[in-house]
Amino acid sequence: VVPGETALAFYKAKNPTDKPIIGIATYNVVPFEAGQYFNKIQCFCFEEQRLNPQEEVDMPVFFYIDPEFAEDPKMAKVDLITLSYTFFEAKEGQKLPLPGYQ
Amino acid sequence: MSTAMNFSNKSFAPRPPDKGAFPLDHFGECSAFKERFMECLRRSGYESAACRQSAMAYLECRMDRRVGPGAGAAGTPLRGREGKQLMANEPLEKLGFKDLINEKSEEKPEKS
């Protein structure tokens, strides 16, 4: 992935149970310092998503790495950034603690 | 209380995406485009830049599709969003595909 260029990535999620599940995904970026350069244009996260029983869906993320990443001397040794998602089951009335997100 | 000084004692503050969330493609309407994109990535050794054309095609597919009550009960997205597309229409130039669009329009005069 080239900093400044938009890129597409896919994750896959499966609901192995016999009941529909409503979940919310949140993400994490490693290394931590690279997270500030990671910009999501659109993804499947932060909103409730419904997975029907046995359903398997592709989950896209459309993003770019801020071009300033290439200028940051602290990032000089970083050639691998890992983006991970965790899917939580949404309970009614529960809000994920997302600092800075209303 | 935890006063442990972790070597990196900052908390990661997740940011929401600029253009919001993608509704799920429950019916796999754009799966073919996704497969083509993934094949391209495998062929190119996972170089994202080599597969931008396929990525653009996938996003165009999403913008052309609508998901809503009319499409079938199982595919209804949450919160009753009526007739919602799989992706809001956005000019492709704004999604970082400006150079690919220019290439396309340069080809056109020759075809006429």
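In case you missed it, the structure is sitting above this.
Definitions and limits used
- Residues numbered from 1 in each chain as written.
- Chains lettered and ligands numbered in written order.
- Predicted model: local features only at pLDDT ≥ 70, side-chain atom pairs only at ≥ 80, totals over all residues.
- Heavy atoms only, no water.
- Helix = DSSP H or I, 4+ residues; strand = E, 2+ residues; numbered from the N terminus.
- Buried < 20%, exposed > 50% of the residue type's maximum accessible area, 1.4 Å probe, protein only.
- Contact = heavy atoms within 4.5 Å.
- Areas by Shrake-Rupley, 256 points an atom, 1.4 Å probe, with all protein chains shown as cover.
- Buried area = accessible area lost by both parts, 1.4 Å probe.
- Salt bridge = Lys/Arg side-chain N within 4 Å of Asp/Glu carboxyl O.
- Polar contact = N/O pair within 3.5 Å; in protein donor to acceptor, adjacent residues only side chain to side chain.
- Nonpolar A, V, L, I, M, F, W, Y, C, P; charged D, E, K, R; others polar.

Trainee: Please explain the overall build of chain A as it appears in this structure.
Mentor: Within chain A one finds 0 helices and 6 strands. Helices and strands appear in chain A in the N-to-C order β-β-β-β-β-β. Among the 102 residues that make up chain A, the fraction classed as buried is 44%. Across chain A, contacts joining residues at least 24 apart in sequence account for 80% of those joining residues at least 6 apart. With an accessible surface of roughly 5,700 Å², chain A has 52% of that area assigned to carbon and sulfur atoms.

Trainee: Would you mind showing me how to read the interface of chain A and chain B here?
Mentor: Interface size is commonly expressed as the accessible surface area that is lost when the partners come together. Taken together, the contacts link 41 residues of chain A with 37 residues of chain B. For the pairing of chain A and chain B, the buried interface totals around 3,500 Å² over both sides, and the portion due to carbon and sulfur atoms is 59%. At the junction of chain A with chain B, the criterion picks out 1 salt bridge. For A:Asp58, the salt bridge goes to B:Lys34, with nearest N and O atoms at 3.1 Å. Taken together, the links from chain A to chain B amount to 8 residue pairs in polar contact (both at pLDDT 80 or more). Only strand S1 (6–14), strand S2 (21–30), strand S3 (38–42), strand S4 (49–51) and strand S5 (56–65) of chain A provide two or more residues apiece to the side of chain A that touches chain B. Take the side of chain A that touches chain B: its biggest share by element is 6 residues, from S5(A). Classifying every residue of the side of chain A that touches chain B gives 24 nonpolar, 9 polar and 8 charged.

Everything listed is a geometric property; what it means functionally is a separate question.
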